[in-house]
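So you can see what is in the structure, the chains are spelled out below.
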Amino acid sequence: MYRYDEYDQQIVDERVRQYRDQVRRRLSGELTEEEFLPLRLQNGLYMQIHGYMLRIAVPYGLISSQQMRMFAHIARKYDRGYGHFTTRQNIQFNWLKLQDTPDILADLASVQMHAIQTSGNCVRNITSDEFAGVARDEVVDPRPYAEILRQWSTFHPEFAYLPRKFKIAISGGQEDRAAIYAHDIGLAVTKNAQGEVGFRVLVGGGLGRTPIIGTEICEFVPWQHILTYVESILRVYNQYGRRDNKYKARIKILVKALGIDEFRRQVEADWADLKDGPGTLTNEEVDRVASFFTDPAYEPLLDHDSKLNEFKADSRSFSHWLQRNVRPHRVPGYAIVVLSLKKPGNAPGDATAEQMDFVADLADRYSFGELRITHKQNLVLADVRQKDLVSLWQEASVQELTTPNIGMLTDIISCPGAEFCTLANARSIPLAKLIAERFEDLDYQYDIGEITLNISGCVNACGQHHIGNIGITGVEKKDHDEWYQVSIGGAEGNDSSISKIIGPSFTFHQVPEVIERLVQVYLRERTEAERFIDTVRRIGHAPFKDHVYATDFNAQEEEVADKHSVAPAHYDVPYYSPRF
Amino acid sequence: MIIKNKAIVADDWTVLRLQENEAAESVHVAAGKVIMPLKVWQAQCDVLQQRKEIGVWLASDERPEELKGDIEKFAVIAVDFPKFSDGRGYSIAFNLRARLGYTGELRAIGDVLRDQLFYMQRVGFDAFAPRPDRKIEDTLKGLSDFSEVYQTSFDPKLPLFRRVQRKGSQAESSQ
């Protein structure tokens, strides 16, 4: 993976110094909260319900064992012993004190990490395919370009105060695993007929209040020109994106208002005199960055380890895990292992400090000291020898990281929801737990097969509910209950689509039964080998809707007493907090 | 006082802002060094261009191309930041410098604060009129927050990868 040189380190160190001084000025009253807000946000620091939440960047989801141990250290020293991995491949800590954050950033800088631009109206962390470099369908490894874009976007002087946040995702496989259609800019690095590398560029995708699938602005931008081309997109957006209404400020609204042809014309007019200018990438730079992403020292091995098959025959749970959580690797004898952070009963995407230390050790022993964080909130060991799979599974099972549910109904994507987030209308994590517990039976999950279920606590869609086969959105609190909309038909990847709401909203305790009824229709209607999403597309929403609303929901609702229980806030409310 | 060329210097320009009851066509532009709104310049340029030293300022929703052809006439062009979080001024400055070839003083006015100064100088501002409630000595510090940057803008002209020899992976070079 990429390692900082003296320039990268200097920039990050100077950022820590700058930020430390900003915090000092805020605490002394020199900076008002209004002035401090964008400064702390551009450093990933939010004021949430319990205190400050810090979002730390994991560039394109790639992380070393040493960096993972630093997360464990931060969780123990400054937080409550756990962290939350997010849908943008980052990690969040929820219980921090403002005074500690400069020290946390200094700790992070010591392992080549930062929280730069993890929030705010600027270019956010670049996300990518969690299987980059190891996937069998890879056309071009996106990681060097993701790193080049990371550097380019870091403290870009012109684009730090955009109309709204700006998210870029890049994928390099035949199958898109980075949800590039749901980003402000989606990049598919590919090759043209001549074998030259370039980018198919999508623009104006995004979720939130107005979910839109990105539109192609250019079929093929040669790799040399990708930075200047992206620069021109951002410049047009910076000048003409709406600033009068934050709900209409994303680039998707501008692209829609102008139309893709007019937007493209403006971008290309701006680009005309940047093209071939000094921002043009050089072979040397791409080669230099790519040198960090060469293959690790793979051993010459063969697929089909006989011991593995023996063990598989003996152990049903291992066999399930192999089938669901282990993916083929492009190198013979190796495998990609997804460690599930979705054990029913746990908060999706949460990991304890012990688990973090543990996976760091696993990475050191089994996967060349590296891990990936997936946008579906799981962890990946990308380079595991097939002959190590049995021992890896045995060890990881002890830490509850082998639930064989990847891609299944309980592999739920969830935002933190109303227990943590000031924006949310309703809780997400407890709902995810309730659903996961209801569908915990593996045989039932395997019968249902591939399905995605995404939960957001509000329309801002951090849980990416629009691109879940089933999407759940917290809409309001009323009548002493939380209400959720349920939608179906969303998907990410090459056949991305936005889900549609099935009808009036449901209470917290009705939602699992709604899911059950949706699944019943699918099981009744599906043809052989048809996935849930395929059935929805073939038969439409009506049969699902009819069945869900056909009969009343059981009035009996358990656990009403703790319906609104939230984690207790043992937190000294700081006088400078804007929320108290 | 303003910050100019990284130093605190005296300033004898005044910025003219139209009041509600004033119109660009009829407002009186006082004698002396005045930085006037673009609309005033456009409405009264026949008369005003006789003056020896003139300045103009652009609002964040105005286009620098409006000054095309007139660029040489101004001793100062200013860009107004109605709020520091309104980032259009950065692109206006970049376009003035890089596209329109403006070489005179480019001044940031309005909600100009320490923590944005470093970015402002990189897109081409060389003068800053900080918000008057702030100590200008503190604001000046914002210009030196970073000693190295990755990407090209108006300043520097070359991205880091074209300016210095950066090392690739050590693992790679040792093989």
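Numbering of residues starts from 1 in every chain and runs along the sequence as written. Note on labels: chains are lettered from A, ligands numbered from 1, in written order. Confidence filtering applies because this is a predicted model: local features only for residues at pLDDT of at least 70, side-chain atom pairs given and counted only at 80 or more, and all residues used for totals across whole chains, interfaces and linings.

K.L.:
Sorry, what's going on with the overall build of chain B here?
P.N.:
Helix and strand assignments follow DSSP, with helices taken as H or I runs no shorter than four residues and strands as E runs no shorter than two, numbered in order from the N terminus. Secondary structure summary: chain B contains six helices and eight strands in total. Along the longest, intermediate and shortest principal axes, the C-alpha atoms of chain B span 75 × 35 × 25 Å. In this scheme the burial state of a residue depends on its C-beta neighbours within 10 Å: 20 or more other such atoms mean buried, 12 or fewer mean exposed, and anything in between means partly exposed; the C-beta positions come from the backbone. Relative to its full complement of 175 residues, chain B shows a buried share of 38%.

K.L.:
Looking at this model, I keep getting lost on the overall build of chain A. Mind explaining?
P.N.:
When helices and strands are counted, chain A shows 18 helices and 21 strands. Between the two quantities, the radius of gyration covers C-alpha atoms and the globule rule is 2.2 Å times the number of residues to the power 0.38. Against the 2.2 N^0.38 benchmark of 25 Å for 580 residues, chain A shows a C-alpha radius of gyration of 23 Å, consistent with a compact globule. Considering chain A as a whole, with its 580 residues, one finds that 56% of them fall into the buried category. It is the C-beta atoms, placed from the backbone, that decide contacts: two residues are in contact if theirs lie within 7 Å. Within chain A, counting contacts between residues at least 6 apart in sequence, those at least 24 apart form 68% of the total.

K.L.:
Teacher, can you tell me more about the packing of helix α6 (residues 226-240) of chain A against helix α8 (residues 260-271) of chain A here?
P.N.:
In helix packing, the relevant descriptors are the interaxial angle and the interaxial distance, both defined with respect to the helix axes. Residue and element names in this part refer to chain A. For helices, the fitted line uses only the C-alpha atoms of the stretch in contact; every axis is such a line through C-alpha atoms, and the angle between N-to-C directions lies from 0 to 180 degrees. Between α6 and α8, the shortest axis-to-axis distance is 8 Å and the interhelical angle comes to 120 degrees. Taken as axis vectors, α6 and α8 run oblique relative to one another. Helix-helix and strand crossings are classified by hand; for α6 and α8 the assignment is right-handed. Facing α6, whose interface residues are Thr228, Tyr229, Ser232, Ile233, Arg235 and Val236, α8 presents Gln266, Val267, Asp270 and Trp271. In what follows, roughly perpendicular refers to angles from 65 to 115 degrees, roughly parallel to angles under 35, roughly antiparallel to angles over 145, and oblique to any angle outside these ranges. Handedness of a crossing is defined here by the sense of rotation of the near helix relative to the far one, left-handed for an anticlockwise turn of less than a right angle and right-handed for a clockwise turn.

K.L.:
Can you help me understand the confidence of the model for chain A in this one?
P.N.:
Close inspection of predicted coordinates is inappropriate in any region flagged by low pLDDT. The pLDDT value expresses, per residue, how confident the predictor is, ranging between 0 and 100. Looking at chain A, the pLDDT average stands at 93 and 96% of residues meet or exceed 70. In this model, residues 558-580 of chain A is a region of pLDDT below 50 whose contacts with residues beyond four sequence positions or in other chains number 15 contacts.

K.L.:
When you look at the pairing of strand β15 (residues 379-385) of chain A in this model, what are you seeing that I'm missing?
P.N.:
If a strand is regular, its side chains alternate between the two faces of the sheet. All names here are of chain A. Most of β15 sits out of view: six of its seven residues are buried. Paired strands are those between which DSSP finds at least two bridges. Pairing of strand β12 (residues 334-339) with β15 involves five bridges; the strand directions are antiparallel. Looking at β15, one finds that Tyr334 is bridged to Arg385. The pairing of strand β14 (residues 370-373) with β15 spans two bridges and is antiparallel. The partner of Arg372 across the bridge, within β15, is Val380. Linking two consecutive strands that pair antiparallel, namely β14 and β15, is a turn of five residues; a positive phi of about 70 degrees is found at Gln377 within it.

K.L.:
Explain the pairing of strand β7 (residues 168-171) of chain A to me, please; I cannot follow it from the model alone.
P.N.:
All names here are of chain A. Residues Ile168 and Ile170 point to one face of β7 and Ala169 and Ser171 to the other, with burial holding for every one of them. Here strand β6 (residues 127-128) pairs with β7 via two bridges, running parallel. Opposite Ser128, over in β7, you have Ile170 as the bridge partner. For the crossover that starts at β6, traverses helix α5 (residues 143-153) and ends in the parallel β7, the hand is left-handed. As defined by bridge partners, β7 adjoins strand β8 (residues 185-191) across four bridges and the pair is classed as parallel. Each bridged residue has a counterpart across the sheet, and for Ala169 the counterpart in β8 is Gly186. Look down the strands so they point away from you; if the path from the first strand over the helix to the second goes clockwise, the crossover is right-handed.

K.L.:
Explain the sheet that holds strand β6 (residues 74-81) of chain B here, please?
P.N.:
Strand-to-strand pairing in sheets goes through backbone hydrogen bonds, with the strands running parallel or antiparallel. Residue and element names in this part refer to chain B. Pairing in this open sheet of eight strands is mixed, and the strands run β2-β1-β8-β7-β6-β5-β4-β3 from one edge to the other. Only two strands of the sheet have a single neighbouring strand rather than two, namely β2 (7-9) and β3 (14-15). Two strands pair when backbone bridges link them, and strand β1 (residues 2-4) and strand β8 (residues 127-128) are joined in this way by two bridges, in the antiparallel orientation. Along β8, the bridge assignment pairs Lys4 with Ala127.

K.L.:
Explanation requested: the domain arrangement of chain A in the structure shown.
P.N.:
Interface size is often expressed as the accessible area that is lost when the parts come together. Residues and elements named next belong to chain A. Domain delimitation follows an automatic or database domain assignment. Taken as a whole, chain A is organised into domain 1 (6-109), domain 2 (135-291), domain 3 (306-398) and domain 4 (413-556). Relative placement of domain 3 and domain 4: their C-alpha centres are 27 Å apart. Counting residues at the interface gives eight residues for domain 3 and nine residues for domain 4. Residue polarity follows a fixed list, in which Ala, Val, Leu, Ile, Met, Phe, Trp, Tyr, Cys and Pro are nonpolar, Asp, Glu, Lys and Arg are charged, and the others, Gly among them, are polar. Looking at the side of domain 3 that touches domain 4 residue by residue, the classes come out as three nonpolar, four polar and one charged.

K.L.:
Would you mind going over the environment of Gly457(A) with me for this structure?
P.N.:
Turning to its location among the elements, Gly457(A) is positioned in the loop between β17 (453-456) and β18 (470-478). In this structure, Gly457(A) is in contact with Cys415(A), Gly417(A), Ala418(A), Cys421(A), Ala424(A), Asn425(A), Ala426(A), Arg427(A), Ser428(A) and Gly474(A), ignoring residues within four places of it in sequence.

K.L.:
Which parts of the structure should I look at to understand the interface of chain A and chain B?
P.N.:
Facing the 33 residues of chain A at the interface are 32 residues of chain B. Among the secondary structure elements, those contributing two or more residues to the side of chain A that touches chain B are α1 (6-27), α2 (33-41), α5, α6 and α9 (283-290) of chain A. By residue number, the principal contributor to the side of chain A that touches chain B is α1(A), which donates six residues. Residue classes in the side of chain A that touches chain B are distributed as 12 nonpolar, 12 polar and nine charged.

K.L.:
How should the nonpolar core be read in this particular structure?
P.N.:
Within soluble globular proteins, side chains that are nonpolar generally end up buried alongside one another. Val337(A), Val359(A), Val511(A), Leu518(A) and Phe128(B) are the most contacted members of the largest nonpolar core, which totals 209 residues. In terms of residues, this core owes the most to one element, α6(A), which gives eight residues. Among all residues touching Val511(A), those that are not within four sequence positions of it are Leu431(A), Ile435(A), Ile472(A), Tyr484(A), Val486(A) and Phe506(A). For our purposes the nonpolar core covers buried Ala, Val, Leu, Ile, Met, Phe, Trp, Tyr and Cys residues that link as a set through C-beta atoms within 7 Å.

K.L.:
In this structure, what is going on with unusual backbone geometry? I would like to understand it.
P.N.:
Residue and element names in this part refer to chain B. With an omega of 0 degrees, the peptide bond running from Asp155 to Pro156 counts as cis. By the secondary structure assignment, Pro156 is in the loop between α4 (136-141) and α5 (160-163). The phi torsion at Asn5 lies on the positive side, around 45 degrees, for a residue other than glycine. Locating Asn5 in the fold gives a position in the loop between β1 and β2. Residue Asn5 is classed as exposed on the basis of its C-beta count, with 8 C-beta atoms lying within 10 Å.

K.L.:
How should I be thinking about α2(A) in this particular structure?
P.N.:
Given 3.6 residues per turn, any residue in an α-helix points the same way as the ones three and four places further on. Those residues of α2(A) that sit buried are Glu35(A), Phe36(A), Leu39(A) and Arg40(A). The buried residues of α2(A) occupy one face: seen down the axis, they fall within an arc of 120 degrees. Of the exposed residues in α2(A), those oriented more than 90 degrees away from the buried face are Glu33(A) and Glu34(A). In this structure, the buried residues of α2(A) make contact with α1 and β1 (45-47) of chain A together with α3 (114-122) of chain B. Arc, as used here, means the arc of the directions from the helix axis to the C-beta atoms.

K.L.:
Got a minute to help me understand the sheet that holds β6(A) in this structure?
P.N.:
Residue and element names in this part refer to chain A. The strand order across the open sheet formed by five strands is β6-β7-β8-β9-β10, and the pairing between neighbours is mixed. Each edge of the open sheet carries a strand with a single partner, namely β6 and β10 (215-222). Contacting β6, β7 and β8, α5 crosses the sheet at an angle of about 160 degrees to β7.

K.L.:
Any chance you could explain the environment of Glu62(B) here in plain terms?
P.N.:
Among the structural elements, Glu62(B) can be located in the loop between β5 (54-58) and β6. Measuring from C-alpha to C-alpha, the distance between Glu62(B) and Thr152(B) comes to 25 Å, with 90 residues separating the pair along the chain.

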